[in-house]
Amino acid sequence: MIERIYILESVDLVAFYGVNNAHMQLIKTLFPKLRIVARGNVMKIIGDEEESDLFIKKISEIEAYCEEYNALTEEVILDIVKGRNVPVSRQDHLIIYGVNGRAITARTENQQRLVKSFEENDLLFAVGPAGSGKTFVAIALAVKALKNKQVRKIILSRPAVEAGEKLGFLPGEMKDKLDPYLQPLYDALQEMIPAVKLKEYMENNVIQIAPLAYMRGRTLNDAVIILDEAQNTTSQQIKMFLTRMGLCAKMIVTGDVTQIDLPPSATSGLVHAMQVLKNVQGIGKIEFTKNDIVRHKLVQRIVEAYENMKQEQKITEENKSKTIRNEESIGKNGI
């Protein structure tokens, strides 16, 4: 009789153990010669050496499956323990499996281009309308890189510019004021990483979410760094952000140049940066369109309506200017 210790390192314990520990109970019945005690992420195995070796081999395979797919079923456990092939449905353009095994894929051509460009470049600009999936895909790529141990951390940032409302009127300390503004980033992460694991990552600073101002003075190594809503940065802010890139790091900058919340006199840092860096090698640029919108079908219609209104206003202003010029010309000729 020997005693072994097995530690579950990176798997979601809720998915692994199952509801009311159903998965663990099944595993115990499949290894009746062993005494198995599980507490948190630590498993103690007592029994015959050969049987213990087999158990550890199979449990590591089950853990690897659960880690990759973020889900586990009794059928999968039985297939692995019995040495059968686990049936896997292949997904086109898969990025990662999110919470409850949901496949997160690049659904449009431009989303697929973003995935490819991420592999080829260390800095990416992804611009386009609301709902085109640019931020969601960017975060999915960051989570994939973290799971594959290509980087050690994910850093997500946004400029603290209000879209109409004022942060000063929100209750609480600075963190309480900023958290609602950063909520879209939390929402995306919660679809990709189980809640317990996400909390652990954030407590250990493996995943960091912070306003842009908090980036100053840092050198960001071994990380995927994402700047969201970059159209609301100034030229100085985005330059400061881009120069934070350290060794073995990748950056994705996302934004929508049609939704700039800066004062009318200010120039968008995103627009300025794309002009300055357009010929720099190693930088990718993906432009999303209304055809990439993957939210509710009404979102695409809303974007089209605003585009049409903007075009009509432009034509009206051009006609008005033309009329004024004609009137001025007639006045001069009449004199």
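Residues numbered from 1 in each chain as written. Predicted model: local features only at pLDDT ≥ 70, side-chain atom pairs only at ≥ 80, totals over all residues. Heavy atoms only, no water.

## A word on the pattern of salt bridges
Logical step 1: Inspection of every chain in the model, using the stated rule, returns eleven salt bridges.
Logical step 2: A salt bridge links Glu 120 to Lys 116; the shortest N-O distance between them is 2.4 Å. With Glu 120 and Lys 116 both in helix H5 (residues 109-120) and four residues apart, this pair spans about one turn of that helix.
Logical step 3: Taking relative accessible area as the criterion, Glu 120 reaches 52% and is therefore assigned exposed.
Logical step 4: Under the relative-accessibility criterion, Lys 116 is labelled partly exposed at 48%.
Logical step 5: Residue Asp 222 is joined to Arg 152 by a salt bridge in which the shortest nitrogen-to-oxygen separation is 3.5 Å. Of this pair, Asp 222 sits in the loop between strand E8 (207-211) and strand E9 (223-227) while Arg 152 sits in the loop between helix H6 (134-147) and strand E7 (153-158), placing them 70 residues apart in sequence.
Logical step 6: Using a relative accessible area of 54% as the deciding quantity, one classes Arg 152 as exposed.
Logical step 7: Several salt bridges converge on common partners, so that one network encompasses Arg 158, Asp 228 and Glu 229. (Salt bridge = Lys/Arg side-chain N within 4 Å of Asp/Glu carboxyl O. Helix = DSSP H or I, 4+ residues; strand = E, 2+ residues; numbered from the N terminus. Buried < 20%, exposed > 50% of the residue type's maximum accessible area, 1.4 Å probe, protein only.)

## A short note on a nonpolar patch on the surface
Logical step 1: Taken together, the side chains of Leu 298, Ile 302, Tyr 306 and Met 309 define a hydrophobic patch exposed on the protein surface, amounting to about 410 Å² of accessible area.
Logical step 2: Following the sequence through the fold, Tyr 306 ends up in helix H12 (residues 297-334).
Logical step 3: A residue is classified by how much of its surface remains accessible, and Tyr 306, at 57% relative accessible area, is exposed. (Patch = residues over 30% accessible without salt bridge, like charges linked within 9 Å, V, L, I, M, F, W, Y side chains within 5 Å. Areas by Shrake-Rupley, 256 points an atom, 1.4 Å probe, with all protein chains shown as cover.)

## Observations concerning unusual backbone geometry
Logical step 1: The residue Asn 100 is not glycine, and still its phi comes out positive at about 60°.
Logical step 2: By the element assignment, Asn 100 lies in the loop between strand E4 (94-97) and strand E5 (103-105).
Logical step 3: For Asn 100, a relative accessible area of 70% gives the class exposed.
Logical step 4: Residues other than glycine seldom take positive phi values, yet Asn 205 does so here, at roughly 60°.
Logical step 5: The residue Asn 205 is located in the loop between helix H9 (195-203) and E8 in this model.

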